[in-house]
Amino acid sequence: MKNYFYAILGLIILNSCSTNPYRLSAKSYKKQLKVYQKTIGTTESKPLQNGSNPQWISTVNFNLRKPNFVIIHHTAQDSLQQTLKTFTLTKTQVSAHYVISDDGTVIQMLNDYLRAWHSGNASWGKNTDINSASIGIELDNNGFEPFSEAQINSLLALLTRLKKDYNIPTANIIAHSDIAPSRKSDPSTLFPWKNLAELGFGLWPEDQLEKAPDYFNVEQALRIIGYTTQNLSSAIKAFKLHYIQTEVDDTLDEKTINTIYSIFKKQ
């Protein structure tokens, strides 16, 4: 009878895990939230190096972090399930706020006010901690296939809400490749940046490019736009991946210079 009981209990547990394979990650999520709640809820100051103890007097004027950027990625994996597994394993040390599947299903993995680990070693302008200021959106795509209409429609719906809720500037909806030009190339050349820009999500150059003045400094302009130019070749390539998707190389021809000038003027 005792063995029968344990067999039934085992079947119940197995069935629970099979119907909700992310049950354990949800439990870990709640546990971690409690740790952070305890940390930010303390009303005790840490002693200073000189031995003094700051006095604590609580202010009434504060709120949670406000995301100011949206970073768009592609997963570079072959299935939604593979990505969800990656983001629910501690050892991977990577996450995102949202994952959008090929069929348009939107999966939220982290509260918008919390800091996901999606950008890695990256920067945009003077911001060298992108994770602390952004929302990461991963698109279920291996990097070699077109993004589906359903997926882009869901992305647009999500961007509409995020932009409104957090007053995110149009220019601050950018690519993973923009913030990490020497390391990343996502989303791919197949991503419809122009269509997004026409709807107010990101920038796009003018159809009729104005000729850049002779004194125009390309490297300085790229830095003002936001790119790190420590590796100028990578910065040019990343810019073209976003704005000249049919010519993704580091060639600085007249079209490239004039396109950089067009985006520079929109800052």
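See the structure printed just above.
Everything in this summary refers to the structure shown in the same document. Owing to the predicted nature of the structure, the values given are computational and were not obtained by experimental measurement.

Conventions adopted
Residues numbered from 1 in each chain as written. Predicted model: local features only at pLDDT ≥ 70, side-chain atom pairs only at ≥ 80, totals over all residues. Heavy atoms only, no water. Helix = DSSP H or I, 4+ residues; strand = E, 2+ residues; numbered from the N terminus. Buried < 20%, exposed > 50% of the residue type's maximum accessible area, 1.4 Å probe, protein only. Areas by Shrake-Rupley, 256 points an atom, 1.4 Å probe, with all protein chains shown as cover. Lys, Arg positive; Asp, Glu negative; His and termini not counted. Charge placed at Lys NZ, Arg CZ, Asp CG, Glu CD. Axes fitted to C-alpha atoms, helices over the stretch in contact; angles between N-to-C directions. Parallel < 35°, antiparallel > 145°, perpendicular 65-115°, else oblique. Left-handed = near helix turned anticlockwise from the far one by under 90°. Contact = heavy atoms within 4.5 Å. Nonpolar A, V, L, I, M, F, W, Y, C, P; charged D, E, K, R; others polar. Pairing = 2+ DSSP bridges.

**Points about the overall build of the chain**
- Helix and strand counts for the chain stand at nine helices and five strands.
- Counting from the amino terminus, helix and strand elements in the chain follow one another as α-α-β-α-β-β-β-α-β-α-α-α-α-α.
- In terms of overall dimensions, the chain has a C-alpha envelope of 85 × 55 × 30 Å along the principal axes.
- Residues classed as buried in the chain amount to 39% of the 267 residues present.
- Here the chain has roughly 16,100 Å² of accessible surface; of this, 53% comes from carbon and sulfur atoms.
- Of the charged side chains in the chain, 27 are positive and 24 negative; the average position of the first set lies 14 Å away from that of the second.

**Focus on the packing of helix α7 (residues 218–225) against helix α9 (residues 254–265)**
- Axis separation between α7 and α9 bottoms out at 10 Å; the angle between their running directions is 40°. With respect to α9, the axis of α7 lies oblique. For the crossing formed where α7 meets α9, the hand is left-handed. Residues Val218, Ala221, Leu222, Ile224 and Ile225 of α7 lie in contact with α9, whose contacting residues are Ile257, Ile260, Ile263 and Phe264.
- When grouped by side-chain class, the residues that make up the contact of α7 with α9 number nine nonpolar, no polar and no charged.

**Describing the pairing of strand β1 (residues 69–74)**
- For β1, the buried fraction is high: six of the six residues fall into the buried class.
- Taking every second residue as pointing to the same face, both faces of β1 are buried, with Phe69, Ile71 and His73 on one and Val70, Ile72 and His74 on the other.
- Note: β1 against strand β4 (residues 134–139), six bridges, orientation parallel. The residue of β4 that forms the bridge with Val70 is Ile135.
- As paired strands, β1 and strand β5 (residues 173–175) are joined by three bridges and run parallel to one another. Counted as the bridge partner of Val70 is Ile173 from β5.

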